[in-house]
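Examining the three-dimensional arrangement
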Amino acid sequence: YDADEESSSAFQAQAFNILAGLGAFFTCAFIKTPFWKRWAFVIYIVGCVLLIMVLGIGVVAGGARRWLNLGFVRLQPSEIMKIGIILVMAKVFSSEHVPRNGFNFLQLFYPLGVILFPALLIVVQPDLGTMADMGKINNEMATLTRELSEKKTALENAYAKISELISTDYLT
């Protein structure tokens, strides 16, 4: 047992993870919005499939089965699922089909289903921290959508009033 060798190996692993994370961050930052809209459901479905795989072949760590061992790295599918949920919810809430006055009770079943299916898979693991994160994501997305909808309505009303003032013939 050599403490220096073990700490050096742990440092190298962490340095690699940090560099890989920064590389992924900068890569994603430069990808245009249409790409994310086009691939939102694919990322969501891949996340769901990976969560299902965890139930069968997942690695148990800390008393919970929430990791997939890919050989060179352990992957926690619930993290991919968070990204998938954000992308799909953004696509749902930014759609031109969103009601002007917001969603009614029945219309909320679709966005709710987007969150509930992976939530049930995550509860089985159990990963309550991720469940709390998903609840926060859902709440923030719904709040942001409502606020943006209200601002959009206010801007449309202002535009209509300005258009009316501009088009009025004041000389006759």
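Residues numbered from 1 in each chain as written. Predicted model: local features only at pLDDT ≥ 70, side-chain atom pairs only at ≥ 80, totals over all residues. Heavy atoms only, no water.

1. Considering the overall build of the chain
What counts, and what does not: Only DSSP runs of H or I reaching four residues or more are called helices, and only runs of E reaching two or more are called strands; each is numbered from the N terminus. Each residue's exposure class comes from its accessible area (1.4 Å probe, protein chains only) as a fraction of the maximum for that residue type: buried when under 20%, exposed when over 50%, partly exposed otherwise. We call two residues in contact when some of their heavy atoms are within 4.5 Å. The Shrake-Rupley method, run with a 1.4 Å probe sphere, supplies the accessible areas, and residue values consider only the shown protein chains as cover.
Of regular secondary structure, the chain possesses 5 helices and 3 strands. Every one of the 172 residues in the chain was classed for burial, and the buried ones make up 22%. Sequence-distant contacts, at least 24 apart, represent 61% of the contacts inside the chain between residues at least 6 apart. Carbon and sulfur atoms form 68% of the exposed surface of the chain, whose accessible area is close to 12,200 Å².

2. Section: the side chain of Gln76
Assignment of secondary structure puts Gln76 in the loop between strand 3 (74–75) and helix 3 (77–93). A relative accessible area of 13% places Gln76 in the buried class. Residues in contact with Gln76, not counting those within four places in the same chain, are Arg66, Trp67 and Asp127.

3. Side note on the sheet that holds strand 1 (residues 59–61)
So the rule is basically this: Strand pairing is assigned whenever DSSP detects at least two bridges linking the two strands. The convention used is that axes are lines fitted to C-alpha atoms, helices contributing only their stretch in contact, and that angles between N-to-C directions extend from 0 to 180 degrees.
With antiparallel pairing, 3 strands are arranged side by side in an open sheet as 1-2-3. Strands at the two margins of the open sheet, each flanked by one partner only, are strand 1 and strand 3. Pairing of strand 2 (residues 64–69) with strand 3, which is carried by 2 bridges, proceeds in the antiparallel orientation. Residue Leu68 lies in a different strand from strand 3, and its bridge partner there is Leu75. Set on the sheet, helix 2 (residues 33–57) makes contact with strand 1, strand 2 and strand 3; between it and strand 2 the angle comes to about 105°.

4. A short note on the packing of helix 2 against helix 3
Put simply, the rule reads: Less than a right angle of anticlockwise turn of the near helix away from the far helix marks a crossing as left-handed, whereas a clockwise turn marks it as right-handed. The residue classification treats Ala, Val, Leu, Ile, Met, Phe, Trp, Tyr, Cys and Pro as nonpolar and Asp, Glu, Lys and Arg as charged. All others, Gly included, are polar.
With their axes 8 Å apart at the nearest point, helix 2 and helix 3 run at an angle of 145° to one another. Viewed along their axes, helix 2 and helix 3 form a crossing whose handedness is left-handed. Mapping the contact onto sequence places Trp36, Lys37, Ala40, Phe41, Ile43, Tyr44, Gly47, Cys48, Leu50, Leu51 and Val54 in helix 2 and Pro77, Ser78, Ile80, Met81, Gly84, Ile85, Leu87, Val88 and Lys91 in helix 3. In terms of residue class, the contact of helix 2 with helix 3 is built from 15 nonpolar, 3 polar and 2 charged.

5. Some remarks on helix 3
Every α-helical turn comprises 3.6 residues, leaving residues that sit three or four positions apart pointing alike. What counts, and what does not: One less than the number of residues in a helix, times 1.5 Å, gives the span that helix is expected to have.
With 17 residues, helix 3 ought to run about 24 Å at 1.5 Å a step, and its terminal C-alpha atoms sit 24 Å apart, in line with that. Among all positions of helix 3, only Pro77, Ser78, Met81, Lys82, Gly84, Ile85, Leu87, Val88, Met89, Val92 and Phe93 are buried.

6. Digging into the packing of aromatic side chains
Basically, it comes down to this: Ring pairs are drawn from Phe, Tyr and Trp, using the six-membered ring of Trp, whenever the two centres fall within 6.5 Å, and their geometry is named by plane angle: stacked under 30 degrees, edge-to-face over 60, tilted for the rest.
Under the counting rule described, the total for this entry stands at 3 aromatic pairs. Seen in terms of ring centroids, Phe25 and Phe26 are 5.0 Å apart; in terms of plane orientation they differ by 75°. Their pairing is edge-to-face. Note on Phe26: relative accessible area 48%, which makes it partly exposed.

7. Examining the pairing of strand 2
The pairing of strand 1 with strand 2 spans 3 bridges and is antiparallel. Paired with Val59 across the two strands is Trp67, which belongs to strand 2. Following strand 1, the chain reverses through 2 residues before pairing antiparallel with strand 2; Gly62 in that reversal takes a positive phi of roughly 65°. Between strand 2 and the antiparallel strand that follows it, strand 3, lie 4 residues; Gly71 among them carries a positive phi value of about 95°.

8. Topic: the nonpolar core
To be explicit about the condition: We call a set of buried residues a nonpolar core when its members are Ala, Val, Leu, Ile, Met, Phe, Trp, Tyr or Cys and they connect through side-chain atoms within 4.5 Å of each other.
Of all hydrophobic cores here, the largest spans 19 residues; its most connected members are Tyr44, Met81, Ile85, Val88, Met89 and Met134. Per-element tally for this core: the top contributor is helix 3, with 7 residues. Among residues more than four places away in sequence, those in contact with Val88 are Ala40, Phe41, Tyr44 and Val114.

9. Thoughts on a nonpolar patch on the surface
What counts here: Patch building starts from residues that exceed 30% relative accessible area and form no salt bridge, then joins like charges within 9 Å and nonpolar side chains (Val, Leu, Ile, Met, Phe, Trp, Tyr) within 5 Å. Salt bridges are identified by distance alone: a Lys or Arg side-chain nitrogen within 4 Å of an Asp or Glu carboxyl oxygen.
There is a patch of nonpolar side chains on the surface, built from Ile18, Leu19, Leu22, Phe25, Phe26 and Phe30 and spanning about 700 Å² of accessible area. When you line up the elements, Phe30 lands in the loop between helix 1 (3–29) and helix 2.

10. Examining the side chain of Lys82
Relative to the elements of secondary structure, Lys82 occurs in helix 3. With near-sequence residues (within four places) excluded, Lys82 lies in contact with Thr130, Asp133 and Ile137.

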